[in-house]
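The residues making up each chain are set out below.
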Amino acid sequence: MRYNFLGHTNIEVSEICLGTMTWGEQNTQAEAFEQMDYALAQGVNFWDTAELYPVPPKAETYTRTETIIGNWFAQNGRREEVILATKMAGPGEFVSHIREGRSRYTTAQIEQALNASLQRLQTDYVDLYQLHWPERPTNFFGQLGYEPPTLNEKPDDLTLFSETLEALSCQVKAGKIRTIGLSNETAWGTMKMLQIAREMGLEKIVSVQNPYNLLNRSYEVGLAEITQEEQVGLLAYSPLAFGVLTGKYLNDARPENARITLFPRFDRYLNEQATLATQAYAQLARENDLSLAQMALSYINSRPFVTANIIGATTMTQLKENIASVDVALSDEVLAGIEAIHQRYTYPSP
């Protein structure tokens, strides 16, 4: 396993991060325990979760994933071996079960959400606490281009970035958080947070957790430069595009118990252009004796602005293949082939 520093800190995290959003929905607690045991044995010391999980978000499963992780810590006492990240949910109708859909990054709500996560996780601190998505309306969750919100769309009670950073900094000083990060964030939001932190002497963000895969390389446009110049690393989620980049959905296949089979709403990587791109990447992988999944993951691992690649699996076979991608090195020929396909199918799925 290879390790990278988390932002400007001296915290070393594995290049492969264990994603957890299926635990409590597609995976049982026993299966999650097996995944955690195996991942840690392979040197995967970085795990990512959220109060929202499992996905899809539902009132009846809300917080189940954090609870499972907390139970694992309680059973074996290995909390200190793990760099643990979790996320606080933002506002939205699709999360009306979380603080009545009016979650705000205010001092009071941050303290409330953090304390509840710590209790479920059965720990005194988290290593990385992230804002799951912006409080303000902007382009995320499948929206590529930015469209200014109308007056009706923009809430009149948005929390000031300064209050959010002050609240998070207070929790760092209290020892409940080691570092802070963003998720599903834009270049403007990231730079604004950095600017305010500098001006006010507050805690600096160390990471941005955004989607990044062969079908969605939009992070490269503005945020990659910020990563390089500001030491704010990318935690790449959906590196296999909801499983599409395994090739299992090609030819309109819908494998039993696969995520998109179970939850058709997660189809953003199945539009016509994305399917054509996936076919081209699959052919490139076959021509070079690679599995499509490992080629897709290895590409993410090779990018200099990626701190960690967040892999997720519902079976141990998938987990083992995903973790093993760290040992796959792509040739110059394969990398050139990926760029040629990217030129034909640029950002087919946001």
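Since this is a predicted model, take the numbers as computed values, not measurements.

Engineer: Requested: an account of the overall build of the chain, with residues and values cited.
Structural biologist: Along the chain, the regular secondary structure elements total 11 helices and 10 strands. Compactness check: the chain gives a C-alpha radius of gyration of 19 Å against a globular reference of 20 Å for 350 residues, within 12% of the reference. Its C-alpha atoms put the chain at 55 × 50 × 40 Å along the principal axes. A buried classification covers 57% of the 350 residues belonging to the chain. For the chain, the proportion of contacts with a sequence separation of at least 24, taken over those separated by at least 6, is 77%.

Engineer: How would you explain the environment of Arg268 if you had to name every residue and give the values?
Structural biologist: The residue Arg268 is located in the loop between helix H7 (259-262) and helix H8 (272-287) in this model. The exposure class of Arg268 is partly exposed, given its relative accessible area of 22%. Apart from residues lying up to four places away in sequence, Arg268 is in contact with Phe141, Gly142, Pro211, Asn216, Phe242, Ser349 and Pro350.

Engineer: Go over the sheet that holds strand E5 (residues 83-88), please, and point to the residues and values.
Structural biologist: Pairing is parallel around the closed barrel formed by 8 strands, whose spatial order is E3-E4-E5-E6-E7-E8-E9-E10. Along the sheet, successive strands turn relative to each other by an average axial angle of 30 degrees, direction set aside. Taken together, the 3 bridges between strand E4 (residues 46-48) and E5 define a ladder with parallel strand orientation. Bridging from a neighbouring strand, Trp47 pairs with Leu84 of E5.

Engineer: Describe the pairing of strand E7 (residues 177-183), listing the residues and the values that go with them.
Structural biologist: Among the 7 residues that make up E7, 6 are buried, leaving the element largely enclosed by the rest of the structure. Looking at chain direction, strand E6 (residues 126-131) and E7 are connected through 5 bridges and run parallel. Of the residues in E7, the one forming a bridge with Gln130 is Gly181. In this view, the connection linking E6 to its parallel neighbour E7 by way of helix H4 (residues 161-173) has right-handed handedness. For the segment spanning E7, helix H5 (residues 187-200) and strand E8 (residues 205-211), crossover handedness is right-handed.

Engineer: I'd like to hear about helix H10 (residues 316-324), residue by residue, with values.
Structural biologist: Every buried residue belonging to H10 is among Met316, Leu319, Asn322 and Ile323, and all of these are buried. The arc enclosing the buried residues of H10, seen along the axis, measures out at 125 degrees, which places them on a common side.

Engineer: Explain the side chain of Asn322 to me, using residue names and the numbers behind them.
Structural biologist: Structurally, Asn322 is set in helix H10. Of the polar contacts made by the side chain of Asn322, one reaches the backbone oxygen of Gly312; its length is 3.3 Å. Sequence-distant contacts of Asn322, defined by excluding residues within four places in its chain, comprise Ile16, Leu240, Leu297, Ile311, Gly312 and Ala313.

Engineer: Break down the packing of helix H1 (residues 29-41) against H10 for me, citing the residues and quoting the values.
Structural biologist: Here H1 crosses H10 at 25 degrees, and the two axes come no closer than 11 Å. Here H1 is positioned roughly parallel relative to H10, judged by the angle of their axes. The hand of the H1/H10 crossing is right-handed. From H1, Glu34, Gln35, Tyr38 and Ala39 reach across to H10, where they touch Met316, Leu319, Lys320 and Ile323. The class makeup of the residues in the contact of H1 with H10 is 5 nonpolar, 1 polar and 2 charged.

Engineer: Give me the lowdown on the pattern of salt bridges, citing residues and values where you can.
Structural biologist: The full count for this structure, using the stated rule, is 15 salt bridges. For the salt bridge of Glu15 with Arg2, the shortest nitrogen-to-oxygen distance reads 2.5 Å. Taken together, the residues span a long stretch of sequence, with Glu15 in the loop between strand E2 (12-14) and strand E3 (16-19) and Arg2 in the segment before strand E1 (3-5) at a distance of 13 residues. Owing to a relative accessible area of 7%, Glu15 belongs among the buried residues under this scheme. Put simply, Arg102, Arg104, Glu135 and Asp157 are held in one network by salt bridges that share partners.

Engineer: How would you summarise unusual backbone geometry if you had to cite specific residues and measurements?
Structural biologist: Between Tyr53 and the following residue, Pro54, the backbone shows a cis peptide bond with an omega angle of 10 degrees. Its place among the elements puts Pro54 in the loop between E4 and helix H2 (64-76). Of note, the bond from Val55 into Pro56 is cis; its omega dihedral lies within 30 degrees of zero at 5 degrees. At Phe242, a position not held by glycine, the phi torsion is positive, near 60 degrees. Residue placement: Phe242 occurs in the loop between strand E9 (233-237) and H7. Its relative accessible area of 12% is what places Phe242 among the buried residues. In the Ramachandran plot, Asn251 falls in the positive-phi region, its phi being about 60 degrees despite a non-glycine side chain. With respect to the secondary-structure elements, Asn251 resides in the loop between E9 and H7.

Procedures and definitions
Residues numbered from 1 in each chain as written. Predicted model: local features only at pLDDT ≥ 70, side-chain atom pairs only at ≥ 80, totals over all residues. Heavy atoms only, no water. Helix = DSSP H or I, 4+ residues; strand = E, 2+ residues; numbered from the N terminus. Rg over C-alpha atoms; globule rule 2.2 N^0.38 Å. Buried < 20%, exposed > 50% of the residue type's maximum accessible area, 1.4 Å probe, protein only. Contact = heavy atoms within 4.5 Å. Pairing = 2+ DSSP bridges. Axes fitted to C-alpha atoms, helices over the stretch in contact; angles between N-to-C directions. Right-handed = clockwise from strand over helix to strand, strands pointing away. Arc of directions from axis to C-beta. Polar contact = N/O pair within 3.5 Å; in protein donor to acceptor, adjacent residues only side chain to side chain. Parallel < 35°, antiparallel > 145°, perpendicular 65-115°, else oblique. Left-handed = near helix turned anticlockwise from the far one by under 90°. Nonpolar A, V, L, I, M, F, W, Y, C, P; charged D, E, K, R; others polar. Salt bridge = Lys/Arg side-chain N within 4 Å of Asp/Glu carboxyl O.

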